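Structure at a glance
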Amino acid sequence: MIPLLVLLLAQNPVFRDIAPAAGLTRTIPNGGTVTKKYIIETTGSGVAWIDYDNDGLPDAFVVSGPESTSRMYHNEGQGKFRDATDQLGLDRKGWGQGVCAGDFDNDGFTDLFVTYWGQNSLLRNVGGKRFEDVTAKMGLTQDRTRYNTGCAFLDYDNDGHLDLFVANYLKFDFATTPPPGANPYCFYRGIAVNCGPRGLPFDRNLLYHAENGKFRDVSKESGIEAPSGNYALGVLTGDFNGDGLTDIFVACDQTPSILYINQGNGKFEDEALLRGAALDENGRAMSGMGAAAADYLHTGELSIFRTNFSDELETLYRNRGKGEFEDASVESGLGQNTRFVGWGCGFFDFDNDGWPDLLLVNGHAFPEVDRLNIDIKYHQRPILYRNDRGHFVDISETSGPGITTGHSSRGAAFADFDNDGSVEVLVGNQNEPPSLLKTTPGKNHWISLRLEGTRANRSAIGAKVRLTAGGISQYAEVRSGGSYLSQNDLRLHFGLGSATKIDKLEIEWPGGARQTETPATVDRRLTIVERRP
Amino acid sequence: MPATSLFLIAILAQTDAGTLISRAAAGECDAVDAPLQLQLSNRDRQSARLAGLALAQCRIGAKHFDTAGPVVAQMEKEFPADPDVLYVAANYHQKAWNDAIYRMYQKAPASYRVDQLSAEVFETQGKLDEAIVEYRKAIAKNPKAINLHYRLARVLLQQSHEPAALEAARKEFVAELDLNPSDAVAEYQVAQILLAQGKKADAAAHHEKAAQLRADFPEALIAVAKLRSDAKRYSDAISLLERAVQVQPRSEIAHYNLMLAYRNAGRAADAQREKAELDKIQKPPDGEFTDFLKRLGNK
């Protein structure tokens, strides 16, 4: 019995926070640490991996609250980062919320979009040397102060130009928002806390279409602004019904989540309820925060995971096919963690066994919860689930100090930043420096794919990859945005288990063109450029 | 009825209700009890209402709960939305409750019922650790008492978010079932915990049993319907869910699952109908606070 136990424990990863040693040391200010008077202090902020200078090493971007500029850390290699914020001209301060990446001008350098309470920033990457704020020039100036949250570039009409979706949380201003305790929606377990989201006015989401070298607000004509009773946060794009068109899932706080199904004529319809992706299995709206997607069962379909509030279960919507979902949270092993407020999340194959595992980062919305002396705390540890052939096993307590240490975390983004074959996690922590969670690579094999569109958008956002190796077929999509207000590395990472060759690798580019590749070796990074006909 | 009594009633009926109420307020409750009782049937309902309130308060103040109760009940029946009547009713129940507790502590301090009651009070106050201690004391004193294990299990689930709490609670629900094998709710709770623990097959057996024990238990019907759906027996699932909706027409969970079951069976029109029903149920109720929020939203 004991040797078996030792063997089981030995299989678990040991994650450590290497952020201090790597040079990710600047605190991310985000509102109060003992009390938070306004809801705006609770929602920030996201993080991103973006290889802005195309040197093959993903750089780390950390969105900040108002007392600091958001930071860009250049990946110097050898596990070290250098703060390149000033050098790149990133000097804006404000209530930064989310971040998403994509090469919107198809010039070969990945651009950034940062959302704010207030005007957003479209940051054009100028040759990997600096970022230029082209928000106004590109037609993205907003008519009023908005509480912008999650965002994603997507090419919803497959014209080769990236469009942009921006979620809006609610209507907020400091002057008229009631103080803590002002009405029944300003209490948590009997203590006065910041008001909202309930009780604060809803706002509507935004869609910008790329046309004539600019973005045009098509929110109304596309149907994106139709849902009017949702507090929208995390944005997740994907072709959920397999019709070749990118759809948009939005995790919503205390209200039903939205699943905008792309109708193919420039219009979207929210079909979340009937498709089974709006509520939990009891027909109740959860407090959705972040979202991630993966083919975690190897069925060739993207299922959706959503983080929720404490006293709620996390939600796993299993895709039954054609974008019809069912709540599989409990039966998949996600039925026991109810004291965490989840935010950033992602599927990533930490042990490269070919089965996407799942990590979510947590932290309560209200620092005041610590006064209650209950088992729900403000600082909360992440949760790590191992995907055991489609069933998730919670291995958090035995996966090293990186997982057992608590923070008030929000954004989380995934990348193999040092190209060693294991995926690391960048985590944004409120009023602390970020965490960088790393584990030691195991013996399993892997491959990392960077896709480059030619007819499709250059970032290949929306491209689908089907890979078969070692008897397992995996499916993934290149995606902008996701997690909680965050951006993962645009490269796709596949664990291959013990397989030393890939039997089949097929890419379906946005627009439907298919391309088959036969990589000669594994354990390496591979760039695949879309073939011209 | 003797002639003297009839005479007395006639005299009392002529007495001004206002005077009686004033005397009651001045503490002359004993003297005005009988005339106030007569005023309850006064044709002037406002006078009857005031007399009833005064009479009830007099009897509650004197701890005559046995005679105060019928007056309060009559007043609630005749003036169901009257805030003064409801206030006096609340006052009566609170004082009667306190009085009963006091007597129980005085006369049967060693009874398991004392511990049970303490546990229930702690539970209401959110003092869950204390409630658990008291429930355990009650169980130790009377291991065969029904409902104690069930309530303890419920508090264990509320008290801790640790997965270990699930197992502790499951054991208590099982103990409840040992005492009362026909408790469908306890059976259902065991099933839910087993499901959360990943023991799907074991959970299924308990869900089936809960539905057998009580054919009108919507949650159990829904759980069994899910099992049928998993087995792709969609028409069986739909029958169960239609029954759940019939039993509890405003149940969100029943309508939601029926909508999905219709969808899974390819009955799109029925699914849309259920969706509309669910939309209707989930619409926030109209009321003062909703109006306030709407106004806030219009700012």
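Because the structure is predicted, anything quoted here is derived from the model rather than measured.

Right, let's talk about the overall build of chain A for a bit. The secondary structure content of chain A amounts to six helices and 37 strands. Compactness check: chain A gives a C-alpha radius of gyration of 21 Å against a globular reference of 24 Å for 533 residues, within 12% of the reference. Going through the 533 residues of chain A one by one, you find that 65% of them count as buried. Long-range contacts, defined as pairs at least 24 residues apart, comprise 60% of the intrachain contacts of chain A with a sequence gap of at least 6. Within chain A, one finds 52 positive and 70 negative side-chain charges whose respective centroids are separated by 2 Å.

A common way to express how large an interface is: the accessible area buried when the components associate. Each partner contributes to the interface: chain B provides 33 residues, whereas chain A provides 31 residues. Across the interface of chain B and chain A, roughly 2,700 Å² is buried in total on both sides, 53% from carbon and sulfur atoms. At the surface where chain B touches chain A, the tally comes to four salt bridges. Ionic pairing is found between Arg263 of chain B and Glu324 of chain A, a salt bridge with its closest N-O pair at 3.8 Å. Connecting chain B to chain A are 13 residue pairs in polar contact (both at pLDDT 80 or more).

Quick look at the environment of Pro249 of chain B now. Residue and element names in this part refer to chain B. Within the secondary structure, Pro249 is located in the loop between helix H14 (234-247) and helix H15 (252-264). Here the alpha-carbon distance between Pro249 and Tyr135, two residues 114 residues apart in the chain, equals 35 Å. Apart from residues lying up to four places away in sequence, Pro249 is in contact with His255 and Ile281.

Time to look at helix H3 (residues 29-39) of chain B. When we look at burial in H3 of chain B, the residues that qualify are Val32, Pro35, Leu36 and Gln39 of chain B. The buried residues of H3 of chain B occupy an angular sector of 105 degrees when projected down its axis, which confines them to one face.

Residues and elements named next belong to chain A. Strand order across the open sheet formed by four strands is S2-S3-S4-S5, with antiparallel pairing between neighbours. Two strands lie at the open edges of the sheet, namely strand S2 (47-50) and strand S5 (80-83), each paired on one side alone. The average angle at which neighbouring strand axes cross in this sheet is 25 degrees, direction not considered. Both strand S4 (residues 71-77) and S5 contribute to a ladder of four bridges, which runs antiparallel. Opposite Asn75, over in S5, you have Phe81 as the bridge partner.

Residues and elements named next belong to chain B. Between helix H2 (residues 17-25) and H3, whose axes approach to 9 Å, the crossing angle comes to 145 degrees. In the packing of H2 onto H3, the handedness of the crossing is left-handed. Between H2, through Ala17, Leu20, Ile21, Arg23 and Ala24, and H3, the contact on the second element is made entirely by Cys29, Ala31, Val32, Pro35, Leu36 and Gln39. Residue classes in the contact of H2 with H3 are distributed as nine nonpolar, one polar and one charged.

What follows covers the packing of aromatic side chains. How two aromatic rings sit relative to each other is given by the distance of their centres and the angle of their planes. Residue and element names in this part refer to chain A. In this structure the tally under the stated criterion is 36 aromatic pairs over all chains. When the centroid spacing of 5.0 Å and the interplanar angle of 90 degrees are considered together, the rings of Tyr38 and Phe174 count as edge-to-face. Here Tyr38, found in the loop between helix H2 (19-22) and helix H3 (40-43), pairs with Phe174, found in the loop between strand S11 (163-168) and strand S12 (187-188); they are 136 residues apart in sequence, far enough to count as distant. The class of Phe174 is partly exposed, set by a relative accessible area of 30%. Centroid distance Phe347 to Phe392: 6.3 Å. Interplanar angle 50 degrees. Geometry classified as tilted. Placement of Phe347 in strand S24 (residues 342-348) and of Phe392 in strand S27 (residues 391-394) is noted, with a sequence separation of 45 residues between them. Three or more aromatic residues joined by ring pairs make a cluster, and in this case those are Tyr38, Trp95, Trp117, Tyr147, Tyr169, Phe172, Phe174, Phe202 and Tyr231. Lying over the aromatic face of Tyr116, Arg92 brings its terminal NZ or CZ to 3.5 Å of the ring centre. When the ring centre of Trp343 is taken as reference, the NZ or CZ atom of Arg410 above it lies at 4.1 Å.

Attention shifts here to the pairing of S24 of chain A. All names here are of chain A. Among the seven residues that make up S24, seven are buried, leaving the element largely enclosed by the rest of the structure. Taken together, the five bridges between S24 and strand S25 (residues 357-362) define a ladder with antiparallel strand orientation. Each residue of the ladder has a partner; that of Phe348, found in S25, is Asp357.

All names here are of chain B. Its place among the elements puts Glu176 in helix H10 (residues 163-179). For the buried Glu176, which has no salt bridge, the nearest side chain bearing the opposite charge is Arg151, at an N-O separation of 9.4 Å. When residues no more than four places from it in sequence are discounted, the contact partners of Glu176 are Ile146, Asn147, Leu148, His149, Tyr150, Asp183 and Ala186.

In this section: the pattern of salt bridges. Oppositely charged side chains may form a pair once their charged atoms are brought near each other. Counting across every chain of the model gives 58 salt bridges over all chains. Linking Arg514 of chain A and Glu508 of chain A is a salt bridge whose minimum nitrogen-to-oxygen distance equals 3.3 Å. The exposure class assigned to Glu508 of chain A is buried, which follows from its relative accessible area of 9%. The partner of Lys200 of chain B in a salt bridge is Asp230 of chain B, with the nearest N and O atoms 3.5 Å apart. Taken together, the residues span a long stretch of sequence, with Lys200 of chain B in helix H12 (residues 200-213) and Asp230 of chain B in helix H13 (residues 218-230) at a distance of 30 residues. A residue is classified by how much of its surface remains accessible, and Lys200 of chain B, at 35% relative accessible area, is partly exposed. Within the structure, one salt-bridge network assembled from shared partners comprises Arg318, Arg320, Glu324, Glu326 and Glu331 of chain A together with Lys200, Asp230 and Arg263 of chain B.

Right, let's talk about the state of the cysteines for a bit. In protein structure, a disulfide is the covalent linkage between the sulfur atoms of two cysteines. Residue and element names in this part refer to chain A. Under the criterion given, the structure shown has three disulfides over all chains. In this model Cys100 forms its disulfide with Cys151; the gap between the sulfur atoms is 2.4 Å. On the sign convention where negative means left-handed, the S-S torsion of about -125 degrees between Cys100 and Cys151 marks this disulfide as left-handed. Here Cys151 lies in strand S10 (residues 148-154) and Cys100 lies in strand S6 (residues 95-102), a separation of 51 residues in the sequence.

Let us look at unusual backbone geometry. Residue and element names in this part refer to chain A. Residue Ser45 follows Gly44 across a cis peptide bond; omega there is 5 degrees. By the secondary structure assignment, Ser45 is in the loop between H3 and S2. Pro197 follows Gly196 through a cis peptide bond whose omega is 0 degrees. Residue position: Pro197 is located in the loop between strand S13 (191-192) and strand S14 (206-211). For Arg389, which is not a glycine, the phi torsion comes out positive at approximately 55 degrees. Checked against the element boundaries, Arg389 lands in the loop between strand S26 (383-388) and S27.

Moving on: the confidence of the model for chain B. All names here are of chain B. Per-residue confidence for chain B averages 90 on the pLDDT scale, and 90% of its residues sit at or above 70. Counting contacts from residues 1-14, a segment whose pLDDT is below 50, to residues more than four positions away or on other chains yields seven contacts. Listed scores for the predicted complex are pTM 0.90 and ipTM 0.91.

Judged by nonpolar contacts, the single largest core of 46 residues is most densely connected at Phe240, Phe249 and Leu259 of chain A. Take this core: its biggest share by element is eight residues, from H15 of chain B. Inspection of this core shows a minimum of three residues originating in each of domain 2 (109-214) and domain 3 (217-299) of chain B. Setting aside residues no more than four positions away along its own chain, Leu259 of chain A makes contact with Phe240, Ile248, Phe249, Glu269, Asp270, Glu271, Ala272, Arg275, Ala277 and Phe325 of chain A. Phe113, Ile461, Ala463 and Ala469 of chain A belong to the second-largest nonpolar core, a separate cluster that totals 39 residues.

About the criteria used
- Residues numbered from 1 in each chain as written.
- Chains lettered and ligands numbered in written order.
- Predicted model: local features only at pLDDT ≥ 70, side-chain atom pairs only at ≥ 80, totals over all residues.
- Heavy atoms only, no water.
- Helix = DSSP H or I, 4+ residues; strand = E, 2+ residues; numbered from the N terminus.
- Rg over C-alpha atoms; globule rule 2.2 N^0.38 Å.
- Buried < 20%, exposed > 50% of the residue type's maximum accessible area, 1.4 Å probe, protein only.
- Contact = heavy atoms within 4.5 Å.
- Lys, Arg positive; Asp, Glu negative; His and termini not counted.
- Charge placed at Lys NZ, Arg CZ, Asp CG, Glu CD.
- Buried area = accessible area lost by both parts, 1.4 Å probe.
- Salt bridge = Lys/Arg side-chain N within 4 Å of Asp/Glu carboxyl O.
- Polar contact = N/O pair within 3.5 Å; in protein donor to acceptor, adjacent residues only side chain to side chain.
- Arc of directions from axis to C-beta.
- Pairing = 2+ DSSP bridges.
- Axes fitted to C-alpha atoms, helices over the stretch in contact; angles between N-to-C directions.
- Left-handed = near helix turned anticlockwise from the far one by under 90°.
- Nonpolar A, V, L, I, M, F, W, Y, C, P; charged D, E, K, R; others polar.
- Phe/Tyr/Trp six-rings, centres within 6.5 Å; stacked < 30°, edge-to-face > 60°.
- Lys NZ or Arg CZ within 6 Å of the ring centre and 35° of its normal.
- Disulfide = S-S within 2.5 Å.
- pLDDT = per-residue confidence, 0-100.
- Core = buried A, V, L, I, M, F, W, Y, C linked by side-chain atoms within 4.5 Å.
- Domains from an automatic or database assignment.

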